[in-house]
Amino acid sequence: MACLYGNSIKAHISGLVSDVNTKDGAIWYKIQVEILDVYWFVERRYSDFEALNKKLVDSQGIPRDNVVLPPKKFIGNKDPEFVEKRRQQLDEYLKNVIQLLGQNPPEDLAQFLNLYDFEVIFMLRKLASEIFDKGEQILADQNAFTLSPYQIYAINERMKMPIPSLDSEDKRQDFSHIVEFCSRLQSLNIVGSNISLGSSTIVPNQYSMSLSIFKSIKFLSLKLINADKIAEVGTVRQTVERISIHNCDFQSMNQFLLCDSVYKTFAESGLSFSWNNVVSINCSNNTFESVGDIGDLVPSLRCIELSYNKLRNVFNLTSLPLLERVSYSGNVIASPEDLHLRFGNIVILDMSQNIVECLQPFYKLYSLVLLNLSCNKVSAVEQVKHVSFLPCLESLILTGNPVASSVDYRVKALSYFGNRASSLELDNEKANSTEMDQISIIQAIELAKRSTVQGKN
Amino acid sequence: MSGGPYNYSYIFKYIIIGDMGVGKSCLLHQFTEKKFMADCPHTIGVEFGTRIIEVCGQKIKLQIWDTAGQERFRAVTRSYYRGAAGALIIYDITRRSTYNHLSSWLTDARNLTNPNTVIFLIGNKSDLDGQRDVTYEEAKKFADENGLKFVEASAKTGENVEEAFLETAKKIYESIQDGSLDLNAAESGVQKKPTANGARSLSADNAEGRNPSSCSC
């Protein structure tokens with residue numbers, strides 16, 4: 001963590017004018033700024049040094065004995081020998097400035113060294129004034145606010161530091177504004193990254209977060225977050241209603257729901273780890289191989305989206321009494337076992353883009369209204385018979401299956417539904433009158449066949 | 001100056017201090033949530049609460065820092081005194097030791113806050129009158145001698161909780177009105193809402209803030 005204050009007094013900035021870099025004809029000096037184990041680069045020209053020096057002269061009583069900016073030179077200032085000499089002089093100058101002012105850098109120096117982008121205290125001052133100006137609008141509109149793990153980590157650490165919440169002249173930079181905003185925010189996006197921040201060595205996903213500062217979150221979205229970096233969930237567990245997790249490296253839903261528990265199952269961790277108000281979970285586009293026994297952890301869940309993971313099986317969600325909508329789209333499920341033993345009274349089931357061949361497992365999902373099986377491997381039209389007795393079914397989608405291109409597919413498939421054939425939507429379309437005529441004929445023939453068989457008996 | 005999402009005119013910063021277990025977090029919770037929090041965990045470092053109140057027709061946002069009573073967090077909590085417009089010092093009427101420590105809390109508060117900080121003394125747990133260890137009169141005398149406002153309150157029943165927070169705000173507002181509190185001072189603990197364009201114009205705001213208005217309180 002880049003922090004000037006806090007747990008270690010050893011924290012200091014060492015600005016080194018290393019490499020001399022020529023771009024657009026001008027001479028740029030590359031400065032390496034270091035705090036503890038972190039460093040970043042800043043590129044500045046002589047004129048930037050000059051501007052900084054002028055501000056410091058006005059505000060900080062520079063020049064002093066050894067803090068003197070090397071003088072300006074108009075002719076021959078790109079001569080390599082001269083540049084090298086100046087580089088050394090500026091290096092000396094910067095070191096002296098930092099020795100003098102580095103403990104508590106004034107705004108101008110902080111800006112010169114890009115502290116506002118990387119250093120905890122300055123970064124949070126900048127965030128505080130942004131929030132002071134825009135926070136109320138965001139809260140009033142109930143818009144989402146995005147933070148990175150590094151920012152949340154910084155806020156957590158700042159809470160522990162013995163520094164006043166307002167440590168600058170500008171009241172907009174008061175840390176209280178951040179904490180207040182976080183405590184009232186309803187919709188939070190946390191977007192991680194495994195790539196280092198700007199020119200620094202700060203990798204946001206290295207930092208672990210406590211969400212305990214957030215007291216009113218209803219919608220929580222995580223993107224590109226490392227599974228082991230959520231150290232504490234806090235009151236979010238009680239307040240959150242909708243969760244979305246994308247492109248994170250969780251292996252299962254349980255791993256997230258119990259991320260701050262030492263136990264890995266509900267049975268061990270107990271009731272206090274339940275997410276009682278969660279009604280919807282969207283965890284598409286992750287690498288889940290398992291859902292886990294989430295039932296007791298999210299007892300109010302109505303909707304779960306598990307699309308585009310690596311799931312091979314349909315998991316047991318029967319302990320979720322309110323579950324209505326489930327999506328397993330885009331996984332690798334081949335032959336699910338009897339699904340009525342996996343779900344309670346679900347209404348919408350999306351199993352598109354899997355490798356299902358057989359519809360037999362669906363035959364007892366009596367509450368099902370919409371079944372989406374597009375882009376699977378169903379090839380025999382007879383399979384439709386298995387779902388034809390589902391009493392509530394209103395829509396069946398089989399597009400993109402081999403069966404959908406077979407001869408008389410619609411007519412044959414619909415004919416299994418008896419007198420409901422006219423009200424059922426197959427592939428988002430009800431039967432037209434021509435199809436209805438054909439269906440009636442097929443059904444009449446079926447009936448005749450059956451009565452002959454019965455007659456013979 | 002009205003309109004926009006800003007449903008407040010000022011921000012006042014408060015700090016709540018006092019011995020461990022006197023009910024600081026519970027008082028805050030009762031004030032912000034209007035609920036009693038049983039089994040309140042020990043505060044680690046600092047906690048935070050916020051609520052918008054109305055004083056003399058002005059909407060005021062309170063940003064309240066709730067501090068840990070434990071000695072080991074003293075360094076962190078001390079840093080939050082600076083820049084507080086109001087300080088609530090809490091003791092527990094059923095535990096004399098928490099009352100005996102008041103003078104050290106008060107010294108801290110006086111030394112670390114600004115001279116205009118309104119200090120309010122609250123004797124918490126007034127619902128437990130049967131176990132009383134500190135009389136009302138005694139505490140009232142202490143408060144008067146030290147120029148503090150004082151009530152006995154109960155975070156459990158909510159008695160006097162609202163009053164204590166509002167009284168403090170009223171006193172702060174009065175010192176803004178009579179000009180004794182300089183809004184521009186970094187440590188005043190009072191801030192105006194952002195101006196419409198988000199620009200900094202604290203001095204202009206201040207002139208307006210100092211106008212003696214028709215406040216009837």
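Structure: above.
Residues numbered from 1 in each chain as written. Chains lettered and ligands numbered in written order. Predicted model: local features only at pLDDT ≥ 70, side-chain atom pairs only at ≥ 80, totals over all residues. Heavy atoms only, no water.

**So, the overall build of chain A**
Move 1: Regarding its fold elements, chain A presents 12 helices and 16 strands.
Move 2: Compactness check: chain A gives a C-alpha radius of gyration of 32 Å against a globular reference of 23 Å for 457 residues, more than 25% above the reference.
Move 3: Only carbon and sulfur atoms are counted for the fraction: they give 50% of the accessible area of chain A, which is about 20,800 Å².
Move 4: On chain A, the mean spot of the 45 positive side-chain charges and the mean spot of the 52 negative ones are 1 Å from each other. (Helix = DSSP H or I, 4+ residues; strand = E, 2+ residues; numbered from the N terminus. Rg over C-alpha atoms; globule rule 2.2 N^0.38 Å. Areas by Shrake-Rupley, 256 points an atom, 1.4 Å probe, with all protein chains shown as cover. Lys, Arg positive; Asp, Glu negative; His and termini not counted. Charge placed at Lys NZ, Arg CZ, Asp CG, Glu CD.)

**Comments concerning the packing of helix 6 (residues 149-160) of chain A against helix 7 (residues 175-184) of chain A**
All names here are of chain A.
Move 1: Where helix 6 meets helix 7, the closest approach of the two axes is 11 Å, and the angle between their N-to-C directions is 120 degrees. Considering their axes alone, helix 6 and helix 7 lie oblique with respect to each other. In the crossing of helix 6 with helix 7, the sense of the turn from one axis to the other is left-handed. Of the residues in helix 7, those in contact with Ile155, Arg158 and Met159 of helix 6 are Phe175, Ile178, Val179 and Cys182. (Axes fitted to C-alpha atoms, helices over the stretch in contact; angles between N-to-C directions. Parallel < 35°, antiparallel > 145°, perpendicular 65-115°, else oblique. Left-handed = near helix turned anticlockwise from the far one by under 90°. Contact = heavy atoms within 4.5 Å.)

**Some thoughts on helix 5 (residues 120-140) of chain A**
All names here are of chain A.
Move 1: Relative to the 30 Å expected for 21 residues at 1.5 Å per residue, helix 5 spans 28 Å between its end C-alpha atoms, a close match to the ideal helical length.
Move 2: Most pronounced at Lys134, the bend in helix 5 amounts to some 55 degrees.
Move 3: Counting buried residues in helix 5 gives 16 out of 21 residues, a clear majority hidden from the surface.
Move 4: The N-terminus of helix 5 is capped by Glu119, whose side-chain oxygen sits 3.1 Å from the backbone nitrogen of Ile121.
Move 5: A positive backbone phi angle near 55 degrees is found at Gln142, which sits one or two residues after helix 5. (Expected span 1.5 Å × (residues − 1). Bend = angle between axes of the 7 residues up to and from the residue. Buried < 20%, exposed > 50% of the residue type's maximum accessible area, 1.4 Å probe, protein only. Polar contact = N/O pair within 3.5 Å; in protein donor to acceptor, adjacent residues only side chain to side chain.)

**So, unusual backbone geometry**
As a rule of thumb, non-glycine residues mostly have phi less than zero, and peptide bonds are mostly trans rather than cis.
All names here are of chain A.
Move 1: Of note in the backbone geometry, Asn114 takes a positive phi value of approximately 60 degrees without being a glycine.
Move 2: For Asn114, the position within the fold is in the loop between helix 3 (107-112) and helix 4 (115-118).
Move 3: Under the relative-accessibility criterion, Asn114 is labelled partly exposed at 23%.
Move 4: The backbone of Asp408 sits at a positive phi, close to 55 degrees, despite the residue not being glycine.
Move 5: Among the secondary structure elements, Asp408 is positioned in the loop between strand 15 (395-397) and helix 11 (409-415).
Move 6: You can call Asp408 partly exposed: its relative accessible area is 44%.

**What to know about the nonpolar core**
Move 1: Counting residues in hydrophobic clusters, the biggest one holds 164 residues, and the most contacted among them are A:Phe214, A:Phe256, A:Tyr328, A:Phe343, A:Leu349 and A:Phe362.
Move 2: In terms of residues, this core owes the most to one element, helix 5 of chain A, which gives 10 residues.
Move 3: Excluding anything up to four places from it in sequence, A:Phe362 contacts A:Leu339, A:Leu349, A:Met351, A:Val356, A:Leu371, A:Leu373, A:Val387 and A:Leu390.
Move 4: In this structure, B:Val118, B:Ala155, B:Ala164 and B:Leu183 belong to the second largest nonpolar core, which totals 33 residues. (Core = buried A, V, L, I, M, F, W, Y, C linked by side-chain atoms within 4.5 Å.)

**Looking at the sheet that holds strand 13 (residues 348-350) of chain A**
Two strands in a sheet stick together by hydrogen bonds in their backbones, pointing the same way (parallel) or opposite ways (antiparallel).
Residue and element names in this part refer to chain A.
Move 1: Reading across from one edge, 4-5-7-9-10-11-12-13-14-15-16 is the order of the 11 strands in this open sheet, with parallel pairing throughout. The sheet is open, and its two borders are formed by strand 4 (145-147) and strand 16 (425-426), each paired with just one other strand.
Move 2: Pairing of strand 15 with strand 16, which is carried by 2 bridges, proceeds in the parallel orientation. Within the sheet, the bridge partner assigned to Ser395 lies in strand 16 and is Glu425. (Pairing = 2+ DSSP bridges.)

**Concerning the pairing of strand 5 (residues 187-191) of chain A**
Side-chain direction in a regular strand flips from residue to residue, so the side chains alternate between the two faces of the sheet.
Residue and element names in this part refer to chain A.
Move 1: Taken across its 5 residues, strand 5 has 4 buried, putting it largely inside the fold.
Move 2: Bridge count between strand 4 and strand 5: 3 bridges; the pairing is parallel. Opposite Thr146, over in strand 5, you have Asn189 as the bridge partner.
Move 3: Judged from the 5 bridges that link them, strand 5 and strand 7 (residues 219-223) form a sheet pairing that is parallel. Bridge pairing links Leu188 to Leu220 in strand 7.

**Structural notes on helix 1 (residues 46-60) of chain A**
Residues and elements named next belong to chain A.
Move 1: Between its first and last C-alpha, helix 1 extends 20 Å over 15 residues, near the 21 Å set by a 1.5 Å rise per residue.
Move 2: Taken residue by residue, helix 1 has Tyr46, Phe49, Leu52, Asn53 and Leu56 as its buried positions. Buried residues of helix 1, viewed axially, fall in a sector of 115 degrees; they line one side. Across helix 1 from its buried face, at more than 90 degrees, point the exposed residues Lys54 and Asp58.
Move 3: At the C-terminal side of helix 1, Gly61 shows a positive phi close to 65 degrees. (Arc of directions from axis to C-beta.)

**Some points on the interface of chain B and chain A**
Much of the literature gives interface size as the accessible area that the parts lose upon coming together.
Move 1: At the junction of the two partners, chain B supplies 30 residues and chain A supplies 30 residues.
Move 2: Taken over both partners, the interface formed by chain B and chain A buries close to 2,400 Å², and the fraction arising from carbon and sulfur atoms is 53%.
Move 3: Where chain B meets chain A, there are 4 salt bridges.
Move 4: Summed over the shared surface of chain B and chain A, the number is 15 residue pairs in polar contact (both at pLDDT 80 or more).
Move 5: Secondary structure elements with two or more residues in the side of chain B that touches chain A: strand 1 (10-18), strand 2 (46-55), strand 3 (58-67), helix 2 (74-79) and strand 7 (190-192) of chain B.
Move 6: Broken down by element, the side of chain B that touches chain A gets its largest block of residues, 4 residues, from strand 2 of chain B.
Move 7: By residue class, the composition of the side of chain B that touches chain A is 15 nonpolar, 8 polar and 7 charged. (Buried area = accessible area lost by both parts, 1.4 Å probe. Salt bridge = Lys/Arg side-chain N within 4 Å of Asp/Glu carboxyl O. Nonpolar A, V, L, I, M, F, W, Y, C, P; charged D, E, K, R; others polar.)

**Considering the packing of helix 1 of chain A against helix 2 (residues 80-101) of chain A**
Residues and elements named next belong to chain A.
Move 1: Close contact between helix 1 and helix 2 brings their axes to 12 Å; oriented N to C, the two are set at 30 degrees. It follows from the interaxial angle that helix 1 and helix 2 lie roughly parallel. Relative to helix 2, helix 1 is oriented so that their crossing is left-handed. Across the interface between the two elements, Tyr46, Phe49, Asn53, Leu56 and Gln60 from helix 1 touch Arg86, Leu90, Tyr93, Leu94, Val97 and Leu101 from helix 2.
Move 2: Its residues assigned to classes, the contact of helix 1 with helix 2 shows 8 nonpolar, 2 polar and 1 charged.

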